[in-house]
Amino acid sequence: MEIHVITFQSVAQAFRAEKILKNQDIAVKLIPIPRSLSGCCEGLAAKIAEPDITAAVEALSKSGVEMIQRGVRVRAD
Amino acid sequence: MSSICWILLTGLVFGLGAVLLVKFGNPGNYGYCAACQLRDIAGALGIHQVATLQYARPEIMGWIIGAFSLATVRGEFRPRGGSNPIIRFLLGMMMMLGALVFLGCPLRALLRLSAGDLNGITALFGFAGGIGAGIWFLQSGYNLGRSRVHDNSVRYLGYLPVIGAIVLLIGVAMQAPFLQFSLKGPGSQHAPWLISLVAGLAAGVLAAKTRMCLSGGVRDYLLVRDTYLLKIYGVMFVAALAANVYFGLFKIGFSNQPLAHSMHIWNFLGLFLVGLAATLAGGCPLRQLILSAEGNTDALVCVLGMLAGAGLAHGLNLAGSGAGVGAAGQIAVLVGIGLTAAIGFLFREKMVALKEAI
């Protein structure tokens, strides 16, 4: 199964993103960074449905949330 | 193979491997332990001078060579780093200090419990408490900065762990004079080196594949209720428990356990320090070793910090022993918790004021 995620600089940024997206009524679920994406195990990623990615990235950039991966398709663990 | 198969396989290899290594000669409840075995390697290299704790444990070399091989085969060996190395060095020292006060890394805490050593419970509660404190810092914006792929000559340092592991392995196999070998005590007890190596290789490949990490497991559960990593440890615990019972190694209680003491406060606080430092460093001692083998120079610096921490803990008599923890060790753990908490506090990013999207 493949999922779409946005990743962040820090755990705190991920929680900020979750709050902002929920305010925008965009469905979001925080998950540990998928293994296929990062060899390192720090941090969280936001899982978002594909049609919502553009709106989510736009809302987060407007609010000043620093993203690393702005909506990338990865294999779910 | 689906993720549930990897969880089962990894848990079984770690659980059964750990008990079999004890059967083949390792000290009690000491099949795998990232902290103690690295401490013995520090002894073999003369970083500390405790005559009974010197043996370049091939299990650790196996972890590193196994993880390196898997990363290379899968094209995932990418030297990277540059995220506050000096802080990671300090966090590595703190992890080792806390682990040596308790006498074991979080992995060994669980293995000790699987053989009936109830001190493992106290320590694991402390470990979870330390991770909880670390999470508070994570949620407050703690961040050591982003690591980058090394595109200059620093990338060759990514090979340092595997080269070091191979050199040490040759040294152990040939009983080379550049290494010290304990003649008595825990350092003299070990499985034949080839068995240790094979057990380490299997564990290393699987730990790298699954990103096994106990602090990460507790952290992921507390943060987002993800249980993938914890399941591996669950399987490992059950496998080790069954093997310990089968071989008659299971003995329940707090006292007279192998390489352990029952000073509950210091068992709790020792692994509290490990949990806190591991959460701030992004992984427990086992995970740092695996990451360093995959070319992560930040994790390598953390491992070097652990080696230095072993030197410090034994040089200044801070480490625990069967007799307990001395006053110096008790003070050191408290200072360590204070220092690690200060790191968590000072490295919070300055958040731009949150502009609520309307």
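Residues numbered from 1 in each chain as written. Chains lettered and ligands numbered in written order. Predicted model: local features only at pLDDT ≥ 70, side-chain atom pairs only at ≥ 80, totals over all residues. Heavy atoms only, no water.

An unreviewed UniProt entry lists chain A under the name Putative Se/S carrier protein-like domain-containing protein, with Anaerosporomusa subterranea given as the organism.

Our next topic: the overall build of chain A. Assigned secondary structure in chain A consists of two helices and four strands. Helices and strands in chain A line up, N terminus first, as β-α-β-β-α-β. Taking 11 Å as the expected radius of gyration for a compact globule of 77 residues, we find that chain A reaches 11 Å, a close match to that expectation. In terms of principal-axis extent, the alpha carbons of chain A reach across some 30 × 25 × 15 Å. A total of 77 residues make up chain A; the buried ones form 53% of that total. Considering only intrachain contacts with a sequence separation of at least 6, the fraction spanning at least 24 residues in chain A is 70%. Here chain A has roughly 3,500 Å² of accessible surface; of this, 46% comes from carbon and sulfur atoms. Each charge class in chain A can be summarised by its mean position, and for the 10 positive and 9 negative side chains these summaries are 3 Å apart. (Helix = DSSP H or I, 4+ residues; strand = E, 2+ residues; numbered from the N terminus. Rg over C-alpha atoms; globule rule 2.2 N^0.38 Å. Buried < 20%, exposed > 50% of the residue type's maximum accessible area, 1.4 Å probe, protein only. Contact = heavy atoms within 4.5 Å. Areas by Shrake-Rupley, 256 points an atom, 1.4 Å probe, with all protein chains shown as cover. Lys, Arg positive; Asp, Glu negative; His and termini not counted. Charge placed at Lys NZ, Arg CZ, Asp CG, Glu CD.)

With that settled, consider the overall build of chain B. Counting its secondary structure elements, chain B contains 14 helices and two strands. Of all 358 residues assigned to chain B, the portion counted as buried reaches 58%. Long-range contacts, defined as pairs at least 24 residues apart, comprise 81% of the intrachain contacts of chain B with a sequence gap of at least 6. For chain B, the computed accessible surface area is about 13,600 Å², with 70% contributed by carbon and sulfur atoms. Between the centroid of the 23 positive side chains of chain B and the centroid of its 11 negative side chains there is a distance of 3 Å.

Attention now goes to the packing of helix 1 (residues 11-23) of chain A against helix 2 (residues 53-62) of chain A. All names here are of chain A. Two elements in contact, helix 1 and helix 2, have axes separated by 10 Å at closest approach and are oriented at 115°. Helix 1 and helix 2 meet at a crossing whose hand is right-handed. Along its contact with helix 1, which presents Ala17, Ile20 and Leu21, the element helix 2 presents Ala56, Ala59 and Leu60. (Axes fitted to C-alpha atoms, helices over the stretch in contact; angles between N-to-C directions. Left-handed = near helix turned anticlockwise from the far one by under 90°.)

Residue and element names in this part refer to chain A. The buried fraction of strand 2 (residues 28-32) amounts to four of the five residues, a majority that puts the element mostly inside the structure. Here five bridges tie strand 2 to strand 3 (residues 44-48), and the two strands are oriented antiparallel to one another. From the neighbouring strand, Pro32 faces strand 3, where its bridge partner is Leu44. (Pairing = 2+ DSSP bridges.)

Moving on, we get to the packing of helix 6 (residues 119-139) of chain B against helix 11 (residues 264-281) of chain B. Residues and elements named next belong to chain B. Interaxial distance between helix 6 and helix 11 falls to 6 Å at its minimum, and their mutual angle equals 35°. Pair helix 6 / helix 11 crosses with right-handed handedness. Residues of the contact of helix 6 with helix 11, tallied by class, amount to 14 nonpolar, 10 polar and no charged. (Nonpolar A, V, L, I, M, F, W, Y, C, P; charged D, E, K, R; others polar.)

Quick look at the packing of aromatic side chains now. For any pair of aromatic rings, geometry is given as the distance between the ring centres together with the angle between the planes. Residues and elements named next belong to chain B. Counted under the stated rule, the structure contains 10 aromatic pairs over all chains. With a centroid separation of 4.7 Å and 45° between ring planes, the pair formed by Phe77 and Tyr159 is classed as tilted. Of the two residues, Phe77 is situated in the loop between helix 3 (58-73) and strand 1 (80-81) and Tyr159 in the loop between strand 2 (148-149) and helix 7 (160-173); the sequence distance between them amounts to 82 residues. Where Trp136 meets Phe137, the ring centres are 5.2 Å apart and the plane angle is 75°; that geometry is what we call edge-to-face. Taken together through their ring pairs, the aromatic side chains of Phe14, Tyr32 and Trp63 make up a single cluster. If you follow Arg225 out to its NZ or CZ, it ends over the ring of Tyr221, 4.8 Å from the centre. Over the ring of Phe345 we find Arg348, and its NZ or CZ is 3.9 Å from the ring centre. (Phe/Tyr/Trp six-rings, centres within 6.5 Å; stacked < 30°, edge-to-face > 60°. Lys NZ or Arg CZ within 6 Å of the ring centre and 35° of its normal.)

What follows deals with the pattern of salt bridges. Residues and elements named next belong to chain B. Taken as a whole and judged by the stated rule, the model has eight salt bridges over all chains. As a salt-bridge pair, Arg39 and Asp40 come within 2.8 Å of each other at their nearest N and O atoms. In this structure Arg39 comes out as buried when scored by relative accessible area, which is 6%. (Salt bridge = Lys/Arg side-chain N within 4 Å of Asp/Glu carboxyl O.)

Once that is clear, we can look at the sheet that holds strand 3 of chain A. Remark on secondary structure: sheet strands pair via backbone hydrogen bonds, oriented parallel or antiparallel. The antiparallel open sheet is built from four strands, whose spatial order is 2-3-1-4 (chain A). Of all strands in the sheet, those with a lone pairing partner are strand 2 and strand 4 (67-75) of chain A, marking the two edges. Direction aside, the axes of adjacent strands within the sheet are offset by 35° on average. In the sheet, strand 1 (residues 2-8) of chain A pairs with strand 3 of chain A via three bridges, with the strands oriented antiparallel. Looking across to strand 3 of chain A, one finds that A:Ile6 is bridged to A:Ala46. In this fold helix 1 of chain A packs onto strand 1, strand 2 and strand 3 of chain A, with an angle of close to 165° to the strand it touches most, strand 2 of chain A. Each of strand 2 and strand 3 of chain A is contacted by helix 9 (residues 214-224) of chain B, which is oriented at about 170° to strand 2 of chain A, the strand it contacts most.

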